[in-house]
Amino acid sequence: MTRPAAARAGRASADRLARLLNLVPYLLARPGIEIAEAAHDLGVTERQLREDLELLWVCGLPGYGPGDLIDMAFDGDRVTITYDAGIDRPLRLTPDEALALVVALRMLAETPGVANREAVERALAKIESAAGDLGGAPVEVLLPGDTDRVRELRAAVERGRALRITYYTPARDESTERTIDPLRMLSVGGRAYVEAWCRRAEAVRLFRADRIDAVTELPERAVVPPQARPHDLRDGVFRPSADLPLITLRIGRGERWITEYYPCERVEADGEQWLVSLRVTDLGWARRFVLGLGPDATVVAPAELAEQVRAQAVAALDAYAVPTGTADPAAAGVTR
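Quick caveat: nothing in here was measured; it's all calculated off a predicted structure.

Mapped onto the secondary structure, Thr80 falls in strand E3 (residues 78–83). A C-alpha to C-alpha distance of 4.7 Å links Thr80 and Pro31, two positions 49 residues apart in sequence. At 2.8 Å, the side chain of Thr80 and the backbone nitrogen of Gly32 are in polar contact.

A sheet is described by the order of its strands in space; here four strands give the open sequence E10-E11-E9-E12, paired in antiparallel fashion. Each end of this open sheet is capped by a strand with a single partner; those strands are strand E10 (264–270) and strand E12 (297–301). Here the average twist between neighbouring strands, direction ignored, is 25°.

Our next topic: the confidence of the model for the chain. Per-residue confidence for the chain gives a mean pLDDT of 78, with 76% of residues at or over 70. Across residues 331–336 the pLDDT falls below 50, and counting only partners more than four positions away or on other chains, this stretch makes four contacts in the model.

Moving on to the pattern of salt bridges. Oppositely charged side chains may form a pair once their charged atoms are brought near each other. What the rule picks out here adds up to 15 salt bridges. As a salt-bridge pair, Glu34 and Arg78 come within 3.1 Å of each other at their nearest N and O atoms. A residue pair is termed long-range when its members are at least 10 positions apart, and Glu34 in strand E1 (residues 33–34) and Arg78 in strand E3 qualify at 44 residues. Taking the relative accessible area as the measure of exposure, Glu34 reaches 35% and is therefore partly exposed. For Glu195, the salt bridge identified is with Arg184, shortest N-O distance 2.4 Å.

What sets the pattern is the α-helix's 3.6 residues per turn: residues three or four places apart point alike. When the terminal C-alpha atoms of helix H6 (residues 148–159) are compared, their 17 Å separation across 12 residues agrees well with the 16 Å that a helix rising 1.5 Å per residue should span. Val150, Leu153, Arg154, Ala156 and Val157 are the residues of H6 that are buried. Projection of H6 onto a plane perpendicular to its axis shows the buried side chains occupying an angular sector of 165°, all on one side. Exposed residues pointing more than 90 degrees away from the buried face of H6 are listed as Asp148 and Glu158. Where H6 terminates, the next one or two residues include Gly160, which has phi positive at roughly 70°.

Right, let's get into the environment of Glu195. Structurally, Glu195 can be placed in strand E6 (residues 191–198). Every residue in contact with Glu195, bar those within four places of it in the chain, is listed here: Pro182, Leu183, Arg184, Leu186, Val204, Arg205, Leu206, Pro230 and His231. A polar contact of 2.4 Å, which involves the side chain of Glu195, links it to the side chain of Arg184.

Burial in helix H2 (residues 35–42) covers these residues: Ile35, Ala38 and Ala39. Within H2, the buried residues cover an arc of 100° as seen down the axis, which keeps them to one side. One or two positions beyond H2, positive phi appears at Gly43, with a value near 75°.

Here we take up the packing of H2 against helix H3 (residues 46–56). Where H2 meets H3, the closest approach of the two axes is 9 Å, and the angle between their N-to-C directions is 100°. Classified by the angle between their axes, H2 and H3 sit roughly perpendicular to one another. On the side of H2, the interface is formed by Ile35, Ala36, Ala38, Ala39 and Leu42, while H3 contributes Glu46, Leu49, Arg50 and Leu53. Residues of the contact of H2 with H3, tallied by class, amount to seven nonpolar, no polar and two charged.

A few words on the environment of Val58. Tracing the chain through its elements places Val58 in the loop between H3 and strand E2 (71–75). Owing to a relative accessible area of 57%, Val58 belongs among the exposed residues under this scheme. For the pair Val58 and Asp68, spaced 10 residues apart in sequence, the C-alpha to C-alpha distance is 9.5 Å.

What follows concerns the sheet that holds E1. The strand order across the open sheet built from three strands is E1-E3-E2, with neighbouring strands paired in antiparallel fashion. The outermost strands of the open sheet, each flanked by one partner alone, are E1 and E2. Judged from the two bridges that link them, E1 and E3 form a sheet pairing that is antiparallel. Residue pairing for E3: Ile33 is matched across the bridge by Val79.

Conventions adopted
Residues numbered from 1 in each chain as written. Predicted model: local features only at pLDDT ≥ 70, side-chain atom pairs only at ≥ 80, totals over all residues. Heavy atoms only, no water. Helix = DSSP H or I, 4+ residues; strand = E, 2+ residues; numbered from the N terminus. Polar contact = N/O pair within 3.5 Å; in protein donor to acceptor, adjacent residues only side chain to side chain. Pairing = 2+ DSSP bridges. Axes fitted to C-alpha atoms, helices over the stretch in contact; angles between N-to-C directions. pLDDT = per-residue confidence, 0-100. Contact = heavy atoms within 4.5 Å. Salt bridge = Lys/Arg side-chain N within 4 Å of Asp/Glu carboxyl O. Buried < 20%, exposed > 50% of the residue type's maximum accessible area, 1.4 Å probe, protein only. Expected span 1.5 Å × (residues − 1). Arc of directions from axis to C-beta. Parallel < 35°, antiparallel > 145°, perpendicular 65-115°, else oblique. Nonpolar A, V, L, I, M, F, W, Y, C, P; charged D, E, K, R; others polar.

This is how it looks when you write it as structure tokens:
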């Protein structure tokens, strides 16, 4: 059996065990229930329920004699438990299990983009009520980027208001004023985004919350054109395409993280170094990216990018140069 198949079989066995442990108290509370009705309540097929009942015949207490095994009586399509072997109560969550559920549900409730937060909050309230003291446990869930700005954006989106934002675009190293009509808030890769119709671009755009420098909620309602369509983000925010610039870098061991963090089209070993090719939004972003990598990275292609990196590196070094050829400290801009 392959590893994925074994994992699926293990999950199926665990699910069935939990179902069997809850099946006995369920039937005890409903003597003579029709199998079809029980199957519907339990969310299984009639065939699966009959197979579960057949398995219960051989379950019970150590000794496994006639008086130790779970017993039941059938009357046509109706079933009644006549001996429960001590399994007379449904499973209850342990404190650790209840706490894990509380934390997970609170995290889900605070995740931008959750469509039905009310259902999550209802489930959370039920678990906290059933858990007793655990419901008031001092558990606070903070998501990455869960800031005042994210909460402000989320509230505006829920109210259906248009927004005026000041947005920083690192690819062009510029800030722009935009009026947007939000579609939804979402979280991708641990970062919060507002997806909206941008009136300036006349298209749907994703705006990273931590790059929104200022936001003003407008009195007008958000109006999203009918042609607007949400992005498919199953493969992440950045989706490289053939029309984007392709760059190739030679990187050392210390920069191999690039291949895990960015989608790469090619990764080849070149001795102790790797040749890595990836698509970028534009060469301006690529230039700043390469300059931040340090001496372990060298631009192989395109030549235009290599020249841009060299020119900016030289300019940076020149800015630190000390004037020479004079003994007068004042001439060198030095004061005592």
